[in-house]
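Descriptive structure summary
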Amino acid sequence: MSLKYLLFQQFRKAAEEYSESPPRIVAHFHEWQAGLGLIALHTRHIDVATVFTTHATLLGRYLCAGNTDFYNNLSKFNVDEEAGRRQIYHRYCMERAASHLAHVFTTVSEITGYEAEHLLKRKPDIITPNGLNVKKFSALHEFQNLHAISKEKIHEFVRGHFYGHYDFDLEKTLYFFIAGRYEFGNKGADIFIEALARLNHYLKSTHPDVTVVAFLIFPAKTNNFNVESLRGHAVTKSLRDTINDIQLKIGKRMYEVCLSGRLPNPGDLLQKEDTVRLKRCIYALQRDGLPPVTTHNVVDDWNDPVLNTVRRCQLFNTIHDRVKLKYFQLMKLKIQLFSFVYTSFSLKNKIILLKYFKVVFHPEFLSSTNPLFGLDYEEFVRGCHLGVFPSYYEPWGYTPAECTVMGFGCFMQDHIADPMSYGIYVVDRRYISLEGTVQQLAQYMYDFARLNRRQRIIQRNRTERLSDMLDWRNLGIYYRQARMKALHTLYPEMASEDDESSVRRFNFPRPISEPPSPSTSRPTTPGGSLHGSDDEDEVDEEKEVIWKS
C-alpha cells in the first residue's frame with residue numbers, strides 16, 4: 001500500500017513540475033487487491049480522481065461456490081456474517097471500502113452491478129463491459145475455410161476414438177462443446193449433461209441420421225492418456241498409411257499397364273498382398289468394448305462429478321446413442337465467435353456423445369502438441385458447430401465472448417433485436433426452475449441440430465459479424481466515460497461532456513430471413529440442388545444492416 005501511495009505522490013509532483021496548470025490525474029483500480037492503493041490515496045488526501053472496478057465480488061464467489069440460490073437471495077444475506085463465516089471478512093471490508101471511497105464505481109455487467117448493490121452496498125455508476133482484441137480472433141473472409149480445416153482435424157480424432165463403432169456419417173455429425181474452469185455447478189456442466197441426455201432422446205425419436213458429438217473440456221487430475229484412446233488413433237493411422245502406400249503402388253501399376261496399350265483389369269491393380277494388408281488393418285479395428293468417454297485416466301474417477309453424471313444419465317456412447325460424449329481437461333480459454341448458447345446460471349455435467357449423441361471428456365489443455373487432436377484451443381473452437389456455456393455465476397463471460405452467460409447474455413439481449421437469429425441462445429437460469437432450464441437448453445440444442453447446412457452457414461456468418469460489438473475499440477468508450485466522470489466529480493470546474501452522446505450503441509436489427517433460410521439471401525434456381533451440394537464452408541453473401549446510434 002505504501003508503494004502505491006508513494007508512486008502516485010511522486011507522479012503528481014512530477015506532473016506539477018512539468019506543467020504550469022494544476023494536473024488532472026485519474027487512477028483506475030481493478031478488484032479488491034488493487035483497492036488498497038485507492039484507500040491509501042483517500043486517507044493521505046492525494047489529489048487524484050479514482051475509479052474502482054470489480055469484475056466479481058469476493059463474497060459472491062464464495063457464496064456461489066457453496067451451491068447457494070445466490071441471485072434469488074441476494075437481498076437476504078447478512079453480508080458481515082457470511083464474510084466472517086468464510087474467514088474473508090478483512091478482504092471483504094477492503095473491497096467494500098474501495099467501492100465506497102472511489103469517485104466512480106463500475107462493474108463489468110448489469111448482473112454484477114446487481115450483486116454489488118446488495119453485497120457491497122453501492123450501486124455502480126457505470127457498467128464497463130470487457131472487450132476483446134478482435135483482430136487476434138478474426139479471420140476476415142477466411143473464417144469459413146478455417147472452420148473446414150479445423151473440422152477435418154476433429155473428424156480425424158473422431159475416427160480414431162470411435163473405431164470399431166464408427167457407424168455414423170461425419171457429414172451429418174455436429175460438434176458441441178463446453179469448456180472452462182472445473183467448477184462443475186458454476187460453469188453449468190451439470191445442466192449441459194442433463195440436457196444432452198434429453199437431446200439424445202429427441203434425436204433418436206426424430207432424426208436417426210443426425211449424430212452429435214459433445215466435448216467436455218475441463219482441467220482435472222489425471223495419470224496419463226487413456227490406452228484405448230491412443231490405440232484407436234494408432235490403428236487408424238496404420239490404416240491410413242497402408243492405404244496411401246497401396247494407392248502409390250496402384251498408380252505405378254496403372255501407369256505401366258497403360259503404357260503397354262491396354263486398360264488395366266482389377267487384378268492388375270489390387271494384388272493379393274495388398275488385400276492381405278488391408279484385411280490385417282480392418283481386423284485391428286475390431287473392438288469388444290464401447291468407446292471410452294474420457295481421453296485420460298482420471299484420478300479417483302468414481303468421485304469425478306462429470307463422470308458420475310454421465311453414468312447416472314447412461315451416456316455410454318453405444319451404437320444406439322445419437323449423442324456421443326468426450327471429456328477433456330483444459331484451462332486456458334480463448335474463443336472465436338460462431339454459434340453459442342448463453343445462459344444466466346449453470347448446472348453440473350461434462351460432455352457426452354452417443355449414435356445420435358457421443359460424449360468425450362478431455363481433462364487437459366488443448367494444444368497443437370496434443371497427440372490426439374493436434375489442435376490449439378482456438379482451432380478447436382473454429383472446428384466446432386456450437387459452444388454451450390450455461391454458467392450459473394459468470395459476471396461477464398469471456399469464454400463466450402471469447403464466449404458465455406449471464407452478464408454476456410444480457411448484453412447481447414440488450415443490443416440485438418433477435419439473438420437466436422444470430423446464433424446466440426440465452427437460457428434462463430434465474431426465473432425458471434432447474435428442470436425448466438434443462439428442458440430449455442435441450443430444446444435449443446435440438447432446434448440447432450435440425451438446421452440444415454445452409455441455415456448453419458447463414459447463422460455462422462451472422463455471428464461472425466457480431467465481433468465488432470465486442471472489440472475494445474467500441475467497448476473501451478465505457479472506460480473512458482467512467483474516468484471522465486471521476487475527473488468531473490473531483491474537478492467540477494472541468495467542462496462536462498455529454499456522457500450519453502460519447503457512447504456509441506450497437507443495435508443489430510432482426511435479420512431479413514427469419515428463421516435463417518437461403519430463400520431471401522440469394523435468388524432461387526429453377527431446380528433444387530443435389531444432396532450435399534451446399535458447401536458448408538462457402539461464404540454466404542447475405543448482407544445485414546448494422547445500425548449505430
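Residues numbered from 1 in each chain as written. Predicted model: local features only at pLDDT ≥ 70, side-chain atom pairs only at ≥ 80, totals over all residues. Heavy atoms only, no water.

**So, helix H2 (residues 31–43)**
Over its 13 residues, H2 extends 19 Å from the first C-alpha to the last, a length consistent with the 18 Å expected when each residue adds 1.5 Å. Those residues of H2 that fall on the buried side of the exposure criterion are Glu31, Trp32, Gly35, Gly37, Leu38, Ile39, Ala40 and Leu41. Of the residues trailing H2, His45 is marked for its positive phi of about 55 degrees. (Helix = DSSP H or I, 4+ residues; strand = E, 2+ residues; numbered from the N terminus. Expected span 1.5 Å × (residues − 1). Buried < 20%, exposed > 50% of the residue type's maximum accessible area, 1.4 Å probe, protein only.)

**Quick notes on the pairing of strand S2 (residues 49–54)**
Of all the six residues making up S2, six are buried; the element is thus mostly covered by neighbouring parts of the structure. A two-sided burial pattern is seen for S2, the buried positions comprising Ala49, Val51 and Thr53 on one face and Thr50, Phe52 and Thr54 on the other. As paired strands, strand S1 (residues 26–30) and S2 are joined by five bridges and run parallel to one another. What sits directly across from Val26, in S2, is Ala49. Inspection of the sheet shows S2 paired to strand S3 (residues 104–107) by four bridges, in the parallel sense. Of the residues in S3, the one forming a bridge with Thr53 is Thr106. (Pairing = 2+ DSSP bridges.)

**Some details on the confidence of the model for the protein**
In low-pLDDT regions, the fine details of the predicted coordinates are not to be read closely. Taken as a whole, the protein shows an average pLDDT of 79; of its residues, 78% reach a score of 70 or greater. Note on residues 329–355: pLDDT is under 50 here. Beyond four places in sequence and across chains, it has 246 contacts. Every residue in residues 402–407 scores below 50 in pLDDT, and together they form 40 contacts with partners more than four places removed in sequence or on other chains. (pLDDT = per-residue confidence, 0-100. Contact = heavy atoms within 4.5 Å.)

**A few points about the packing of helix H10 (residues 227–259) against helix H12 (residues 272–284)**
Look at H10 against H12: their axes get within 9 Å of each other, and the N-to-C directions meet at 165 degrees. One finds that H10 runs roughly antiparallel with respect to H12. Here H10 and H12 pass one another in a crossing that is left-handed. Along the contact surface, H10 presents Arg231, Val235, Ser238, Leu239, Thr242, Ile243, Asp245, Ile246, Lys249 and Arg253, while H12 presents Glu273, Asp274, Arg277, Leu278, Cys281 and Ala284. (Axes fitted to C-alpha atoms, helices over the stretch in contact; angles between N-to-C directions. Parallel < 35°, antiparallel > 145°, perpendicular 65-115°, else oblique. Left-handed = near helix turned anticlockwise from the far one by under 90°.)

**Let's talk about the sheet that holds S3**
Pairing is parallel in the open sheet, where four strands are placed in the order S1-S2-S3-S4. With partners counted over all chains shown, the strands left at the sheet margins are S1 and strand S4 (126–127), one partner each. Pairing of S3 with S4, which is carried by two bridges, proceeds in the parallel orientation. Its bridge partner lying in S4, Thr107 is registered against Ile127. Contacts between helix H6 (residues 110–119) and the sheet are confined to S2, S3 and S4, with S3 contributing the most and set at about 125 degrees to the helix.

**Structural notes on unusual backbone geometry**
Although it is not a glycine, Glu31 sits at a positive phi angle of roughly 70 degrees. Take Glu31: it is sitting in helix H2. Even without a glycine there, the phi angle at Gln87 is positive, about 60 degrees.

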